[in-house]
Amino acid sequence: MLFWGFVVGIGSAILQSSAYIFSRRFAVKQKSAGKLTAYSQLWMLLMGLLTLLVISPWQRVVFTRELIVLMIIFSVFGNLAYFCFFRAQEEIESSRISSLLGLKMISLAFFNMLLLKYFPDLLKLCGVDNALSTADIRQFSPGIYQWAAIIISSFAAVGMNFSGGRLPWKGCVFLTMTLLCYAVTDNVAAMMVKAIHGDTPLMLRSVAASSLAFMSLGFLSNFTFLKDGFDFKCMKDAFGYGALWFAAMIGFLATLNMLGVMYANIVQVSRGFFSVVIGFILLKTGIDKLEPEVSGKMWLRRVIMAVLMIVAMALYVRK
């Protein structure tokens, strides 16, 4: 389980890194975080609905109260997270912001400790009765090795692309809001997979949960079309991000349940390295000129940070 969780997690990280390139291109081209949120979520709603229909002969979904509540929570915080991320991306280039998302490890650790451990009754009040009984309790109280892994992975994520330049304060505000919302949605996503009962394989339940999650996201965000109308050009420009992100989230939800929320996110920190590599390849081939040139010294630093990410992954599973 650990090995395959790691493999699926790395695959998801690569897909996420690829998706960031398309979201950055949309943000620069259309100058609208709101449009990218709405149109990419519309694509994912359609993909989710189609996927759910395809797998329905093998995976039955019962809309229990618990599952519906989780879908609502995921939709609200997920849409807010996407909007804040895209606003941050208008201020900060893709490779840097992708790495800075590694700070989610710290926000996620404190979120789990302060909310899920000390205020579990809040979940029960929301109608989520069994979420904590099957959760990985260790993620609520990290040990010394786990804390070391969290700190090292966060340091590596930031150090991957830190060039000494100042980050725009507006971008930092939206990035912080993004991290807090992701702390909520990551836990809720893991609970959604558990809320889909049955003896079916984990990957199949993850596909179903991803479909439901993005259907709920798209349902809420697409109310914006009533106000702003529909633009087919924006719909076309949002396809690349929508398709890659939907595929990445299927793998991520599976990783959350195979490795636990905290360890899955440590593996996901590797997306910062993959974003750098992908951006470099696109820059050198002339396909995409959104990423700046970097020196050999910076590449050496990135290799060192990539090694630190591997160290963090190894530390977290040490007992």
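Everything that follows concerns the structure shown earlier in this document.
Scope of this entry: the structure provided in the associated data block. Quantities reported herein were computed from a predicted structural model and do not represent experimental measurements. (Residues numbered from 1 in each chain as written. Predicted model: local features only at pLDDT ≥ 70, side-chain atom pairs only at ≥ 80, totals over all residues. Heavy atoms only, no water.)

## As for the overall build of the chain
Stage number 1. For the chain, the count of helices and strands is 15 helices and zero strands.
Stage number 2. Burial analysis of the chain (319 residues in total) assigns 55% to the buried set.
Stage number 3. In the chain, of all internal contacts separated by at least 6 residues, the share reaching a separation of at least 24 is 89%.
Stage number 4. As displayed, the chain offers around 14,400 Å² of accessible surface, 72% of which is attributable to carbon and sulfur atoms. (Helix = DSSP H or I, 4+ residues; strand = E, 2+ residues; numbered from the N terminus. Buried < 20%, exposed > 50% of the residue type's maximum accessible area, 1.4 Å probe, protein only. Contact = heavy atoms within 4.5 Å. Areas by Shrake-Rupley, 256 points an atom, 1.4 Å probe, with all protein chains shown as cover.)

## Remarks on helix α8 (residues 169-195)
Stage number 1. Here α8 spans 39 Å end to end across 27 residues, near enough to the 39 Å set by a 1.5 Å rise per residue.
Stage number 2. Across the 27 residues that make up α8, a large majority, 19, are buried. (Expected span 1.5 Å × (residues − 1).)

## Remarks on the environment of K170
Stage number 1. Locating K170 in the fold gives a position in helix α8.
Stage number 2. Counting along the chain gives 79 residues from K170 to E91, while the straight-line C-alpha distance between them is 7.4 Å.
Stage number 3. With residues up to four places along the chain from it excluded, the contact list for K170 reads R87 and E91.

## Details of the pattern of salt bridges
Stage number 1. In total, this model carries two salt bridges according to the counting rule given.
Stage number 2. With a shortest N-O distance of 2.7 Å, K104 and D186 are connected by a salt bridge. Here the residue K104 occupies a position in helix α5 (residues 104-117), and D186 occupies one in helix α8, the gap between them amounting to 82 residues.
Stage number 3. Given the relative accessible area of 4%, K104 is considered buried.
Stage number 4. In this structure, D237 and K233 form a salt bridge, with 3.5 Å as the shortest nitrogen-oxygen distance. Of this pair, D237 and K233 both sit in helix α11 (residues 232-237), separated by four residues, roughly a single helical turn. (Salt bridge = Lys/Arg side-chain N within 4 Å of Asp/Glu carboxyl O.)

## Examining the packing of aromatic side chains
Stage number 1. Using the criterion set out here, one finds seven aromatic pairs in the structure.
Stage number 2. An aromatic cluster is built from Y39, F230 and F232, whose rings are joined through pairwise contacts. (Phe/Tyr/Trp six-rings, centres within 6.5 Å; stacked < 30°, edge-to-face > 60°.)

## What about the side chain of Q59?
Stage number 1. Along the chain, Q59 turns up in the loop between α2 (33-55) and α3 (65-89).
Stage number 2. A distance of 2.4 Å separates the side chain of Q59 from the side chain of T200, its partner in a polar contact.
Stage number 3. Those residues in contact with Q59, other than ones at most four positions away along the chain, are I196, H197, T200, L204, R205 and A208. (Polar contact = N/O pair within 3.5 Å; in protein donor to acceptor, adjacent residues only side chain to side chain.)

## Things to note about the packing of helix α1 (residues 2-30) against α3
Stage number 1. Where α1 meets α3, the axes come as close as 10 Å, and the angle between the chain directions of the two elements is 70°. Taken together, the axis directions place α1 and α3 in an arrangement best described as roughly perpendicular. Judged by the twist between their axes, the crossing of α1 over α3 is right-handed. Within the contact between the two elements, α1 uses Y20, S23 and R24 and α3 uses F85, F86 and Q89. (Axes fitted to C-alpha atoms, helices over the stretch in contact; angles between N-to-C directions. Parallel < 35°, antiparallel > 145°, perpendicular 65-115°, else oblique. Left-handed = near helix turned anticlockwise from the far one by under 90°.)

## So, the side chain of Q146
Stage number 1. Along the chain, Q146 falls in helix α7 (residues 144-159).
Stage number 2. Within the local environment of Q146, its side chain forms a polar contact with the backbone oxygen of Y316, the two atoms lying 2.9 Å apart.

## Quick notes on a nonpolar patch on the surface
Stage number 1. Judged by side-chain polarity, F63, I68, I72, V76, F77, F219, L220, F223 and L226 come together as a nonpolar surface patch covering roughly 910 Å² of accessible area.
Stage number 2. The set of elements that each furnish at least two residues to the nonpolar patch consists of α3 and α9 (202-221).
Stage number 3. Top contributing element to the nonpolar patch by residue count: α3, with four residues. (Patch = residues over 30% accessible without salt bridge, like charges linked within 9 Å, V, L, I, M, F, W, Y side chains within 5 Å.)

## Overview of helix α12 (residues 239-259)
Stage number 1. The first and last C-alpha atoms of α12 sit 30 Å apart over 21 residues, in line with the 30 Å expected at 1.5 Å per residue.
Stage number 2. Within α12, 16 of the 21 residues are buried, leaving the element largely enclosed by the surrounding structure.
Stage number 3. Positive backbone phi, at 95°, marks G260, one or two positions downstream of α12.

## With respect to the nonpolar core
One broad trend across soluble globular proteins is that nonpolar side chains are buried collectively.
Stage number 1. L67, M192, L212, F214, Y241, W245 and I266 are the most contacted members of the largest nonpolar core, which totals 96 residues.
Stage number 2. At 14 residues, the largest contribution of residues to this core is made by α8.
Stage number 3. Not counting chain neighbours up to four residues away, the residues in contact with W245 comprise Q16, A19, Y20, M44, Y82 and F214. (Core = buried A, V, L, I, M, F, W, Y, C linked by side-chain atoms within 4.5 Å.)

## So, the packing of α1 against α12
Stage number 1. One way to put it is that α1 packs onto α12 with a least axis distance of 8 Å and a crossing angle of 155°. With respect to α12, the element α1 is oriented roughly antiparallel. Helix-helix and strand crossings are classified by hand; for α1 and α12 the assignment is left-handed.
Stage number 2. Per-class residue counts for the contact of α1 with α12 are 18 nonpolar, nine polar and no charged. (Nonpolar A, V, L, I, M, F, W, Y, C, P; charged D, E, K, R; others polar.)

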